[in-house]
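Observations on the model geometry
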Amino acid sequence: MAFWDSFKRENHPHYESGSAASNSIELTKRHPSVSLTKQGATTGNLRVNLSWRMRSSDIGGRSKGNGSLLRHPLKMFQPDVVQAHTQGVVNVDLDLGCLYELEDGTKGVVQPLGGLFGDLNAPPYVQLSGDDRFGSPSGETIFVNLDHREEIKRLLVFVYIYDQTPAFDRTHAVVTLYPSNGPRIEINLEERAPEARSCAVVSIENVKGDMVVRREVKFVYGFQAELDRLYGWGLQWGRGYKAKI
């Protein structure tokens, strides 16, 4: 199956431009694509970061006082958001991973499970910085060496919940791409999918020399094998575990 067979493309794809105020691009359903080539950002390391927070209503109730509610009654319908940063607060482990396919046909995955952290200066030119289990402010980061962009055919960055507890509906997750030049690129996982365990977030494809970033945000109920089938990667998958800490 071709990589884009399952997508409905517009005849004239729209490449979103950055915001002068925030120096950022948010990829949305209406504006799903941006060209790294067109903004001169196809050299150096592309940094891909996952960060996330949880609603305080899910981890300890509301903290709004009665006085505040009297002055602003609509606030009672707004969930508090707190940074998830300790094991006592967080019982969900969001992980960042990346499926890759090189121009020579090599395929594989970079992810915490199995210690598949990749390599930045040798194939696949994709490397995961580490495994964050507690939702720290720095999150998890994947680096892509775009100095070898001609050897990269396509990448699919995804997020999954390791402990098998569906909780995408209780987290506020964002994947941010930091190119070597131009504005950062943000993809918010804002759609509610309470039973999903994995999400294909963003793809990066070499289209005749044009490095195109495309928002995916496709939730699935399974794990990497289901994302593989959805995007036609054709890898063999087995059960993986993390060491206890």
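1. Quick word on the overall build of the protein
When its secondary structure is counted, the protein shows two helices and 14 strands. For the protein, with 245 residues in total, the buried portion stands at 44%. A sequence separation of at least 24 residues applies to 69% of the contacts in the protein between residues at least 6 apart. Per element, the accessible surface of the protein, about 12400 Å² overall, is 48% carbon and sulfur.

2. Description of the packing of aromatic side chains
Within this structure, the stated rule accounts for one aromatic pair. Between Phe158 and Tyr160 the ring centres are 5.9 Å apart and the planes differ by 35°, which places this aromatic pair in the tilted class. Across the pair, Tyr160 and Phe158 agree in class, each one buried. One cation-aromatic arrangement involves Arg47 over Tyr178; the distance from NZ or CZ to the ring centre is 4.0 Å. Taking NZ or CZ as reference, Arg154 lies 3.7 Å from the ring centre of Trp233, over its face.

3. Description of the pattern of salt bridges
Following the criterion strictly, the structure yields six salt bridges and no others. The partner of Asp210 in a salt bridge is Lys38, with the nearest N and O atoms 3.5 Å apart. You can see Asp210 sitting in strand S14 (residues 210-220) and its partner Lys38 sitting in the loop between strand S2 (33-35) and strand S3 (45-55), a full 172 residues away along the chain. Judged by relative accessible area, which is 15%, Asp210 ranks as buried. A single salt-bridge network, built from bridges that share partners, covers Lys29, Glu191 and Arg215.

4. Focus on the nonpolar core
Generally speaking, soluble globular proteins have nonpolar side chains that are buried together. Among the nonpolar cores identified, the biggest contains 45 residues, and Val159, Phe168, Leu177 and Leu189 are the most heavily contacted of them. Non-local contacts of Leu189, meaning those with residues more than four positions away in its chain, are made with Val159, Phe168, Ala173, Cys199, Val201, Val217 and Phe219. Counting residues in hydrophobic clusters, the runner-up holds eleven residues, among them Leu99, Leu156, Ala200 and Leu227.

5. Focus on the confidence of the model for the protein
When pLDDT is averaged across the protein, the result is 77; 67% of the residues are at 70 or more. Segment residues 1-21: pLDDT under 50, and 39 contacts once partners within four positions in sequence are set aside and those in other chains are kept. Across residues 59-65, confidence stays below pLDDT 50; counting only partners more than four residues off in sequence or on other chains, it has 14 contacts.

6. A look at the pairing of strand S13 (residues 198-207)
When you tally the buried positions in S13, you get nine out of ten residues, the bulk of the element. Here S13 runs beside S14; their pairing, made up of nine bridges, is antiparallel. Residue pairing across strands places Val202 opposite Arg215, the latter belonging to S14. Here S13 hands over to S14 after two residues, with Lys208 in that stretch at a positive phi of 55°.

7. Quick word on the side chain of Thr176
Looking at where Thr176 falls in the secondary structure, it is placed in strand S11 (residues 171-178). Residues contacting Thr176, with those up to four places away along its chain left out, are Arg47, Val48, Asn49, Arg184, Ile185 and Glu186.

8. Some words on the sheet that holds S14
Whenever strands of a sheet pair, they do so through backbone hydrogen bonds, lying parallel or antiparallel. Spatially, six strands are ordered S2-S14-S13-S10-S5-S6 in an open sheet, and the strand pairing comes out antiparallel. Looking at strand neighbours, the two that pair on one side only are S2 and strand S6 (107-110), the edges of this open sheet. Across the sheet, the mean angle separating the axes of adjacent strands is 20° when strand polarity is ignored. Here S2 pairs with S14 via three bridges, running antiparallel. Its bridge partner lying in S14, Ser33 is registered against Arg214.

9. Some details on a negative patch on the surface
On the surface, Glu103, Asp104, Glu150 and Glu151 cluster together into a patch of negative charge. As for its position among the elements, Asp104 is in the loop between strand S5 (94-102) and S6. By relative accessible area, Asp104 is classed as exposed at 61%.

10. Let's talk about helix H2 (residues 224-231)
Within H2, burial applies to Gln224, Leu227, Asp228 and Tyr231. The arc that holds the buried residues of H2, viewed along the axis, is 105°, so those residues lie on one side. Immediately beyond the C-terminal end of H2, within one or two residues, lies Gly232, with a positive phi of roughly 65°.

Basis of the calculations
Residues numbered from 1 in each chain as written. Predicted model: local features only at pLDDT ≥ 70, side-chain atom pairs only at ≥ 80, totals over all residues. Heavy atoms only, no water. Helix = DSSP H or I, 4+ residues; strand = E, 2+ residues; numbered from the N terminus. Buried < 20%, exposed > 50% of the residue type's maximum accessible area, 1.4 Å probe, protein only. Contact = heavy atoms within 4.5 Å. Areas by Shrake-Rupley, 256 points an atom, 1.4 Å probe, with all protein chains shown as cover. Phe/Tyr/Trp six-rings, centres within 6.5 Å; stacked < 30°, edge-to-face > 60°. Lys NZ or Arg CZ within 6 Å of the ring centre and 35° of its normal. Salt bridge = Lys/Arg side-chain N within 4 Å of Asp/Glu carboxyl O. Core = buried A, V, L, I, M, F, W, Y, C linked by side-chain atoms within 4.5 Å. pLDDT = per-residue confidence, 0-100. Pairing = 2+ DSSP bridges. Axes fitted to C-alpha atoms, helices over the stretch in contact; angles between N-to-C directions. Patch = residues over 30% accessible without salt bridge, like charges linked within 9 Å, V, L, I, M, F, W, Y side chains within 5 Å. Lys, Arg positive; Asp, Glu negative; His and termini not counted. Charge placed at Lys NZ, Arg CZ, Asp CG, Glu CD. Arc of directions from axis to C-beta.

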